[in-house]
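Residues per chain, in single letters:
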Amino acid sequence: MVVLCLAAFMAMLDVFVVNVAFTGIGASFAGSSLADLSWVLNAYTIVYAALLIPAGLGLLLTALPPERRAGAVKVWATTSSFAAALGPVVGGALVELSWNWVFLINVPVGVVAFAAAMCLVPESRDESVTRLPDVPGAVVLAVAIGALALGLVKGGEWGWTGAAALGAFGVAVAGFTLLVVRVLRHPAPVVEPALFRVPAFVWANVTALVFCTAFGALFPSVVLWLENVAGYSAIATGVAILPGPLMVPLFAMVGQRLARRLPAGALVAVGNLVFCLGAVMLAWNASAQARFATDVLPGWIVTGVGIGLALPTLMAAATAGLPPAQAATGSAVVNTGRQLGYVLGVAVLVAGSTPRTPERRRVSRARGGSSPVRPVSVRAPRSASHRGGGWFIVTETNKGGGCTTSTRTSPSR
């Protein structure tokens, strides 16, 4: 289990390291917009983390007996909080040297994880599978997600009704439609349709998507706020980020105890509402004169408490009602939804932070939606943008809290 948790840690470490490096990367590519730079993070999330995380959790579920799976999933999910705590600090230190180093941090970790996996992870094979999986369907899913994110992050520059933006959204709609057709007709689809006949699984996936969309917008917005509005250095930002993620494992243990008395849906809903309260505090206090002890720290700690209560329980509840033969596939689905949420959160944050100036609108209309003017600097988001992003996060978290009321999983015994 330690080896498989290390894979999750490695995947999420880069995501959090790259967040802190955004400003440094932008300084090296003069004229790059936040929309352009967001692809650095989304590329990691769509390809790298989305491949490692579902595979690791699937192996974990197949390697353990059913009675130990729920607890193991909670431990596995909590692992990402350590990456969230360590990543910004390590990223800040590396950026002080050069942002190029942040892309090499996983080399030593990966070597250790690879050697340990070869020696310790038992071989796992599903003998009932006789057909190749739907690889084209997986490619269609990746293209659809990428097109949706592209339309969201570039829509402000291209013009939301311009040909380029509408084309990106059209590709996304066509891709998701084709994916549904393939899932229903392919003999070995990307997602088993039978999974969506389990209500707890469906609502856990919806909640994970909405919750992670909110978090995907929250984390980079706080980092950009500290670095580009409050004037923090990369290393100072990393240290300032540290207290929030440290709350996650602590309150994951609290959630484990509460789960013996409360249904999983109620516990996740409480976590969503606590996270929402933290987002409200951060949005309310967003300003160019950020005072860390009063404007940032309280709300950031509260969001960490909410994540600790909600996310590990949510991940465990997603596969609790599935038969053993579908547990690994179900875990892959919920983690894909989780990664999609991160991508959409970053995309919506960028979309809300990209101003549409009169000049850009005029040029965009004249050129059919494409704007040749200089892109917005990575330093564009200001306190007003962060405040608006904060209220979007609050709205999404409230939706997640509402979704969890439909997840009816009995208390743990």
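These figures come from a predicted structure and were not determined experimentally.

## A look at the overall build of the chain
1) Next: A tally of helices and strands in the chain yields 14 helices and zero strands.
2) Next: Sorting the 413 residues of the chain into buried and exposed places 54% on the buried side.
3) Next: When contacts within the chain are restricted to residue pairs at least 6 apart in sequence, long-range pairs at least 24 apart make up 82% of them.
4) Next: Within the structure as shown, the chain displays about 17600 Å² of accessible surface, and the carbon and sulfur contribution to it stands at 68%.

## Overview of empty space enclosed by the protein
1) Next: All chains considered together, the criterion is met by three cavities of 30 Å³ or more.
2) Next: Reported here for the largest cavity is a volume of approximately 220 Å³.
3) Next: Lining the largest cavity are 22 residues, and of these F16, A84, F215, V248 and I307 sit closest to its centre.
4) Next: Secondary structure elements with two or more residues in the lining of the largest cavity: α1 (2-28), α3 (66-97), α7 (199-229), α9 (243-258), α11 (292-320) and α12 (324-353).
5) Next: With six residues, α11 is the largest single contributor of residues to the lining of the largest cavity.
6) Next: In the lining of the largest cavity, the residues fall into 16 nonpolar, five polar and one charged.
7) Next: Volume-wise, the second largest cavity comes out at about 100 Å³.
8) Next: Together, M12, V15, F16, N19, L41, T45, F215, G216, F219, P220, Y342 and V346 line the second largest cavity.
9) Next: Broken down by secondary-structure element, the contributors of at least two residues to the lining of the second largest cavity are α1, α2 (34-63), α7 and α12.
10) Next: Class assignment of the residues belonging to the lining of the second largest cavity gives a composition of nine nonpolar, three polar and no charged.

## Section: the packing of α7 against helix α8 (residues 234-241)
1) Next: Remark: α7 packs on α8, axes separated minimally by 9 Å, with the N-to-C direction vectors making an angle of 135°. Here α7 lies oblique to α8, going by the angle between them. Crossing of α7 over α8 shows right-handed handedness. Packed against α7, whose contacting residues are F219, V222, V223, L226 and E227, the element α8 presents A234, T237, A240 and I241 at the interface.
2) Next: For the contact of α7 with α8, the class distribution of residues is seven nonpolar, one polar and one charged.

## Some remarks on the pattern of salt bridges
1) Next: Tallying each qualifying case throughout the model produces two salt bridges.
2) Next: The salt bridge partner of E157 is K154, with a shortest N-O separation of 3.1 Å. Note that E157 and K154 are positioned in helix α5 (residues 135-158) at a spacing of three residues, about one turn of the helix. Comparing E157 with K154, the two get one shared label, buried.
3) Next: Put simply, R291 and D295 hold a salt bridge, and the shortest N to O gap is 3.6 Å.
4) Next: For R291, a relative accessible area of 52% corresponds to the exposed category.

## Considerations on a nonpolar patch on the surface
1) Next: Residues L97, W101, L104, V107 and V111 make up a contiguous nonpolar surface patch of roughly 530 Å² in combined accessible area.
2) Next: Along the chain, the position of L97 falls in helix α3.

## Structural notes on the confidence of the model for the chain
1) Next: Overall, the prediction assigns the chain a mean pLDDT of 75, with 70% of residues at 70 or greater.
2) Next: Here helix α13 (residues 358-366) stands out as the least confident element of the chain, with mean pLDDT 44; helix α6 (residues 163-185) is the most confident, with 92.
3) Next: Low pLDDT, under 50, characterises residues 357-385; the predicted model gives this stretch 66 contacts beyond four residues in sequence or across chains.

## Things to note about the packing of aromatic side chains
In this description, an aromatic ring pair is defined by two values, namely the gap between the centres and the angle between the planes.
1) Next: For the coordinates displayed, the defined rule picks out nine aromatic pairs.
2) Next: Residues W160 and F169 carry aromatic rings whose centres are separated by 6.4 Å and whose planes lie at 15° to one another, so their mutual orientation is stacked.
3) Next: Summarising the aromatic geometry, the rings of F196 and F201 are spaced 5.8 Å apart at their centres and angled 65° between planes, so their arrangement reads as edge-to-face.
4) Next: Of the residues examined, F196 reaches a relative accessible area of 44% and is grouped as partly exposed.
5) Next: You can call F201 buried: its relative accessible area is 1%.
6) Next: A network of ring pairs unites the aromatic residues F16, F215, F219, W300 and Y342 as a single cluster.

## What about the side chain of T303?
1) Next: Relative to the helices and strands, T303 is located in helix α11.
2) Next: You can call T303 buried: its relative accessible area is 2%.
3) Next: Beyond its immediate chain neighbours, meaning those up to four positions away, T303 contacts L218, F275, G278, A279 and L282.

## Notes on the packing of α7 against α11
1) Next: Remark: α7 packs on α11, axes separated minimally by 11 Å, with the N-to-C direction vectors making an angle of 155°. Classified by the interaxial angle, the pair formed by α7 and α11 is roughly antiparallel. Our pair here, α7 against α11, has a crossing hand that is left-handed. From α7, F201, A204, T207, A208, F211, F215, L218, F219, V222, W225 and L226 reach across to α11, where they touch D295, V296, W300, T303, I307, A310, L311, L314 and A318.
2) Next: For the contact of α7 with α11, a count of residues per class yields 17 nonpolar, two polar and one charged.

Cut-offs applied
Residues numbered from 1 in each chain as written. Predicted model: local features only at pLDDT ≥ 70, side-chain atom pairs only at ≥ 80, totals over all residues. Heavy atoms only, no water. Helix = DSSP H or I, 4+ residues; strand = E, 2+ residues; numbered from the N terminus. Buried < 20%, exposed > 50% of the residue type's maximum accessible area, 1.4 Å probe, protein only. Contact = heavy atoms within 4.5 Å. Areas by Shrake-Rupley, 256 points an atom, 1.4 Å probe, with all protein chains shown as cover. 1 Å grid on protein atoms, 1.4 Å probe; cavity = no way out; pocket = protein on both sides within 12 Å on 5 of 7 lines; lining within 4 Å. Points joined across faces, edges and corners; volume = space filled by probe spheres on them. Nonpolar A, V, L, I, M, F, W, Y, C, P; charged D, E, K, R; others polar. Axes fitted to C-alpha atoms, helices over the stretch in contact; angles between N-to-C directions. Parallel < 35°, antiparallel > 145°, perpendicular 65-115°, else oblique. Left-handed = near helix turned anticlockwise from the far one by under 90°. Salt bridge = Lys/Arg side-chain N within 4 Å of Asp/Glu carboxyl O. Patch = residues over 30% accessible without salt bridge, like charges linked within 9 Å, V, L, I, M, F, W, Y side chains within 5 Å. pLDDT = per-residue confidence, 0-100. Phe/Tyr/Trp six-rings, centres within 6.5 Å; stacked < 30°, edge-to-face > 60°.

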